[in-house]
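# Tertiary structure, described
Here's the letter readout for the chains.
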Amino acid sequence: MTTSSSRRSQFQGARLAAPQRVCARPAAVSPKVVGALTRERKEETVTKLKSKLENSTVVLGLSYNQFTVKTISQFRRDLPEGTELVVCKNTLMNRAASEVEGWSALSEHCKGPNAWLFIGEDIPGSIKPYRKLQKSLKKGGIETEFSGGCLEGQSLHLADIDKLEKLPTKLELIAKIASMINQPVRKVAVGVRQVPSKIAYGVKAVSEKEA
C-alpha cells in the first residue's frame, strides 16, 4: 500500500507541475552601434547649426533653464520672420561656431543652459519679443537674461545688445534710407530685399557718421 500510494503521489505531482516557458532575450545593442548613431546625430546637428550661422546677421544666447514647453512655443510664435530659436548643447554650438568664419566669438558665451536666437534681418524686432517674455516671467519670480552673442565677428555683451535693441526696425530702416536718397519707399524696399541686412545697417551707420 505504501508503495502504491507513493507512486500515485509522484504521478499527480508530475501531472500538476506547470510547464516552463523559455523566453528569448532581446538581442543586446552593441555599444559601438549606439556610439555611431550618437555621433551621426551630433554631426547632423552641427551641420544644421553651421547653415543657420551662415544665414544669420546676429546670434544671441539667452538663459532658458526655467522655460516651459508652452513658454518656448509662444516665444517662437512671437518672433519675426527670419528669426529662429534653437535649443542645443553648448558643445555643439561651440563646434559649429568655430567652423564658420566670423562666429568663433560665440565660444565664450557657450556656458550654462542656453537657447540661441538666429536673427536674419530684424534685430530689434527679434529682441522685442524676448523683452516681453522677460516681463511675463518676472511676474512669476523667474529671471532670464541674454548670455551674450556675436555680430560681424565681434563678441556681444549686455551693453552691446542694448545698443542693437535701439536700432531701427527693418521697416524704419527702409523709410530712413528712402528719405536719404530721395526715392519712393516701395522702390527702396525692393532693393533692400536684394541686399543683406548687414550692408543695410552699415549704410545707416556710415550716413550717421558723415552727418
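Report on the accompanying structure. Remember, predicted model here, so these are calculated numbers, not experimental data. Along each chain, the written sequence defines residue order, and numbers are assigned to residues from 1. Local features in a predicted model are, by the rule used here, given only for residues with pLDDT of at least 70; side-chain atom pairs are given and counted only at 80 or more, and totals for whole chains, interfaces and linings are based on all residues. Computation of side-chain values: all heavy atoms of the structure, hydrogens and water removed.

### As for helix α3 (residues 69–78)
Buried within α3 are the following residues: Thr-71, Ile-72 and Phe-75. Viewed along the axis of α3, the buried residues span an arc of 95°, placing them on a single side of the element. For α3, the exposed residues set more than 90 degrees away from the buried face come down to Val-69, Lys-70 and Arg-77. Contacts are assigned to residue pairs that have any heavy atoms within 4.5 Å of one another. For helices the rule is a DSSP run of H or I covering at least 4 residues; for strands it is a run of E covering at least 2, with both sets numbered from the N terminus onward. Of the surrounding elements, those touching the buried residues of α3 are β1 (58–63), β2 (83–87), β3 (114–119) and α5 (123–139). Only protein chains enter the accessibility calculation, which uses a 1.4 Å probe; a residue whose area is less than 20% of its type maximum is buried, one above 50% is exposed, and one in between is partly exposed. The arc in question is formed by the directions pointing from the helix axis toward the C-beta atoms.

### Notes on the sheet that holds β2
Pairing in this open sheet of five strands is antiparallel, and the strands run β2-β3-β1-β4-β5 from one edge to the other. In this open sheet, the two edge strands, each paired with only one partner strand, are β2 and β5 (154–156). Adjacent strand axes in the sheet meet at a mean angle of 20° when their direction is disregarded. Strand direction decides the pairing type here: β1 and β3, joined by six bridges, are antiparallel. The partner of Gly-61 across the bridge, within β3, is Trp-116. When DSSP locates at least two bridges between a pair of strands, those strands are taken to pair. For helices, the fitted axis covers only the stretch in contact; all axes are lines through C-alpha atoms, and the angles between them, taken along N-to-C directions, range from 0 to 180 degrees.

### Quick word on the packing of α3 against α5
For the pair α3 and α5, interaxial distance at closest approach is 9 Å and the crossing angle is 150°. As far as their axial angle goes, α5 and α3 are roughly antiparallel. In this structure, α3 meets α5 at a crossing whose hand is right-handed. Judged by residue contacts, Thr-71, Phe-75 and Asp-78 of α3 engage Pro-129, Tyr-130, Lys-132, Leu-133 and Leu-137 from α5. Note that the term roughly parallel is reserved for angles under 35 degrees, roughly antiparallel for angles over 145, roughly perpendicular for angles of 65 to 115, and oblique for everything else. Crossing chirality is assigned from the near helix's rotation relative to the far helix, an anticlockwise turn below a right angle marking it left-handed and a clockwise turn marking it right-handed.

### Here's the deal with the environment of Glu-84
With respect to the helices and strands, the residue Glu-84 is situated in strand β2. Judged by its relative accessible area of 36%, Glu-84 falls in the partly exposed class. Along the sequence, Glu-84 and Ser-56 sit 28 residues apart, while their C-alpha atoms lie 9.7 Å from each other. If sequence neighbours within four positions are ignored, Glu-84 has contacts with Lys-52, Leu-79, Trp-116, Leu-117 and Phe-118. Of note is the side chain of Glu-84, whose polar atom sits 2.9 Å from the side chain of Lys-52. Polar contact is defined as a pair of N or O atoms within 3.5 Å, subject to the rule that within protein one atom must be able to donate a hydrogen and the other to accept it, and that residues adjacent in sequence are counted only when both atoms are side-chain atoms.

### With respect to the nonpolar core
Think of a nonpolar core as a cluster: buried Ala, Val, Leu, Ile, Met, Phe, Trp, Tyr and Cys residues, connected wherever their side-chain atoms sit within 4.5 Å. Ranked by internal contacts, the top residues of the largest apolar core, which has 21 residues, are Leu-60, Leu-62, Phe-75, Leu-85, Leu-117 and Phe-146. The contact partners of Phe-75, leaving out residues within four places of it in the chain, are Leu-62, Leu-85, Leu-117, Pro-129, Tyr-130 and Leu-133. Leu-49, Val-86, Leu-106 and Trp-116 belong to the second largest nonpolar core, which has 18 residues in total.

### Observations concerning the pattern of salt bridges
Salt bridge, as used here, is a side-chain nitrogen of Lys or Arg placed within 4 Å of a carboxyl oxygen of Asp or Glu. Taken as a whole, this structure holds seven salt bridges when the rule is applied. The closest approach of N and O atoms between Arg-95 and Glu-43, which form a salt bridge, is 2.9 Å. One end of the pair, Arg-95, is in helix α4 (residues 90–99); the other, Glu-43, is in helix α2 (residues 31–54), and 52 residues separate them in sequence. Given a relative accessible area of 37%, Glu-43 falls into the partly exposed group. Here Glu-99 ties to Arg-95 by a salt bridge, and the two come within 3.1 Å at their closest N and O atoms. Here Arg-95 and Glu-99 lie together in helix α4, a separation of four residues that amounts to about one turn. Judged by its relative accessible area of 31%, Arg-95 falls in the partly exposed class. Each of Glu-43, Lys-50, Arg-95 and Glu-99 takes part in a single network of salt bridges with overlapping partners.

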